[in-house]
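Listed here are the chains, written in short residue letters.
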Amino acid sequence: EVDLFTMAYISPDVRKSFERIRRISTHINPSIDQERCSVSGERCAMSGGLKPKAMTLTLAHESEGVLTQEQRAAYERDGFLVVKGLVSDEDIEIYRKRFVEICTNKKERVPSMLVMRDISSTDKANKVGENAITKIQDFQDDPILFRYCTHPKILRYARCFTGKEIKSVHTMLIQKPPQKQPETGRHP
């Protein structure tokens, strides 16, 4: 619980971080009391029991002109948003080619990158190249792959959820090709 006295000594950066944590917490547990869980309010007690106000996971001022009310409501309800055609086919092909280069070792990858192979497949003989890779982590130093994270159209939508200050903390690309084995269809 944080009261006004404590809030007076919290820097603006910490205040923004607190608001982001509050926003994420309400996404995880929608029963969090939004009335009392606000940095600008008298108290902040993250206790369940009361329903949150509508549109707590999207930012109205950032969403204006980007998200429709229907898209905001869908994100509030579902926790994800599909925007078809947001990134051009040409851009997707650039990212796909780089992924294949990394998987097939055709080009050197950045040292910080972690490439994870599919260990669950019983068909290991056919799992070579891009078919053998399920995840690439820490690709922030790869100029081609990280370009996706800084793509203006992606950032335009991301700001609707995070605000203007966006930071990359962890990068992860997950490849989920169609699975023959239903037990391997989960997040790797």
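The rules we used
Residues numbered from 1 in each chain as written. Predicted model: local features only at pLDDT ≥ 70, side-chain atom pairs only at ≥ 80, totals over all residues. Heavy atoms only, no water. Helix = DSSP H or I, 4+ residues; strand = E, 2+ residues; numbered from the N terminus. Buried < 20%, exposed > 50% of the residue type's maximum accessible area, 1.4 Å probe, protein only. Contact = heavy atoms within 4.5 Å. Pairing = 2+ DSSP bridges. Axes fitted to C-alpha atoms, helices over the stretch in contact; angles between N-to-C directions.

Summarise the overall build of the protein; cite the residues concerned and give the values.
When you go through the protein residue by residue, the secondary structure sums to seven helices and five strands. Listing every helix and strand of the protein by position from the N terminus yields β-α-α-β-α-α-α-β-β-α-α-β. For the protein, with 188 residues in total, the buried portion stands at 33%. Pairs at least 24 apart in sequence give 54% of the contacts found in the protein among residues at least 6 apart.

Outline the environment of Lys153, listing residues and values.
Along the chain, the position of Lys153 falls in helix H7 (residues 152-162). Distance from Lys153 to Leu86, taken between C-alpha atoms, is 6.7 Å for residues 67 residues apart in sequence.

Before we move on, can you summarise unusual backbone geometry with the specific residues and values?
Phi at Asn105 takes a positive value of approximately 60 degrees, unusual for a residue other than glycine. One can find Asn105 in the loop between helix H5 (89-103) and strand S3 (114-117). According to the relative accessible area criterion, Asn105 is exposed, its value standing at 53%. Within the chain, Asp138 stands out as a residue other than glycine whose phi angle is a positive 55 degrees. The residue Asp138 is located in the loop between strand S4 (133-137) and helix H6 (143-149) in this model.

Please give an account of the sheet that holds strand S5 (residues 172-174) that cites residues and values.
Taken in spatial order, the three strands line up as S3-S4-S5 in an open sheet, and their pairing is antiparallel. Edge strands, defined here as strands with exactly one partner in the open sheet, are S3 and S5. Taken over all neighbouring pairs, the strand axes of this sheet differ in orientation by 15 degrees on average, direction set aside. With four bridges joining them, S3 and S4 adopt antiparallel strand pairing. Note that in S4 the partner of Arg117 across the bridge is Ile133. Running at roughly 100 degrees to S4, H5 makes contact with S3, S4 and S5 of the sheet.

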